[in-house]
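Residues per chain are reported as follows:
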Amino acid sequence: MRAFARALGQDPRHADILIGYVRYRVRGWNAERADPVHDTRHALAELADVAGPVPVVLLGHSMGARAALRAADDPHVHGVVALAPWCPPGEPVTHLAHRTVIALHDAADTMTSATDTWAYLRRAEAAGARVRGVRMPAAATP
């Protein structure tokens, strides 16, 4: 994600964007505890303390995208960009109403399921989210 942040930070058209990072306390999702979501929520609270009530777009890859999508119920989150997100069946979507969700996925991805991503986006759209799915060309993702 640092490459995306660097590209945004170096573009003078985006000089008014504040970029932050989430460092997860534990490695992995750890089932119902879902610590990455709590860490993301903590980062959102810190951002609000520093910058006030600003609109937020979360960016994440794989598990980080799942955490971002879950934390999108924060009232300041306006959108999520999810790169090869981990969206297992049954993942909640109702909280995404009135938010923008963009997901990019390669159908050949062997770590996370592009089929699950497209199903997630369909459910999110039915729940009132503005969605866009981008099918990446094979081997275009790291």
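My aim in this report is to walk through the structure given alongside it, one point at a time. No experiment lies behind these values; they were computed from the predicted model shown. (Residues numbered from 1 in each chain as written. Predicted model: local features only at pLDDT ≥ 70, side-chain atom pairs only at ≥ 80, totals over all residues. Heavy atoms only, no water.)

1. As for the overall build of the protein chain
Selection criterion: Numbering of helices and strands starts at the N terminus; helices are DSSP runs of H or I of at least 4 residues and strands are runs of E of at least 2. Two things to know: the radius of gyration comes from C-alpha atoms, and the globule rule equals 2.2 Å times the number of residues to the power 0.38. Working definition: with a 1.4 Å probe on protein chains only, accessible area under 20% of the residue-type maximum means buried, over 50% means exposed, and in between means partly exposed. Any two residues having at least one pair of non-hydrogen atoms within 4.5 Å are treated as being in contact. Accessible areas in this description were obtained via Shrake-Rupley with a 1.4 Å probe; residue shielding takes into account the shown protein chains only.
Tallying secondary structure elements over the protein chain gives four helices and four strands in all. When the helices and strands of the protein chain are listed from N to C terminus, the series reads α-α-β-α-β-β-α-β. For the protein chain, whose C-alpha radius of gyration is 15 Å, the value lies close to the compact-globule estimate of 14 Å for 142 residues. Considering only C-alpha atoms, the protein chain reaches an extent of 40 × 35 × 30 Å along its principal axes. A buried classification covers 36% of the 142 residues belonging to the protein chain. Here the contacts in the protein chain between residues at least 6 apart in sequence split such that 47% fall between residues at least 24 apart. With the model as given, the accessible surface of the protein chain reaches about 8,600 Å², and the carbon-plus-sulfur share is 58%.

2. Some points on the sheet that holds strand β3 (residues 100–106)
Note the cut-off: Two strands pair if DSSP finds at least two bridges between them. Note on definitions: angles span 0 to 180 degrees between N-to-C directions of axes, and those axes are lines fitted to C-alpha atoms, for helices only across the stretch in contact.
The sheet built from four strands is open, its strands ordered β1-β2-β3-β4 with parallel pairing. In the strand order of this sheet, the two ends are held by β1 (56–61) and β4 (130–136), each with one partner. Along the sheet, successive strands turn relative to each other by an average axial angle of 10°, direction set aside. With respect to the sheet, helix α3 (residues 63–71) is in contact with β1, β2 (77–83) and β3, its orientation differing from that of β1 by roughly 150°.

3. Focus: α3
Counting buried residues along α3, eight of its nine residues qualify, which places the element largely inside the surrounding structure. Of all the residues in α3, the buried ones are Met-63, Gly-64, Ala-65, Arg-66, Ala-67, Ala-68, Leu-69 and Ala-71. Close packing links the buried residues of α3 with α2 (35–51), β1, β2, β3 and α4 (114–126).

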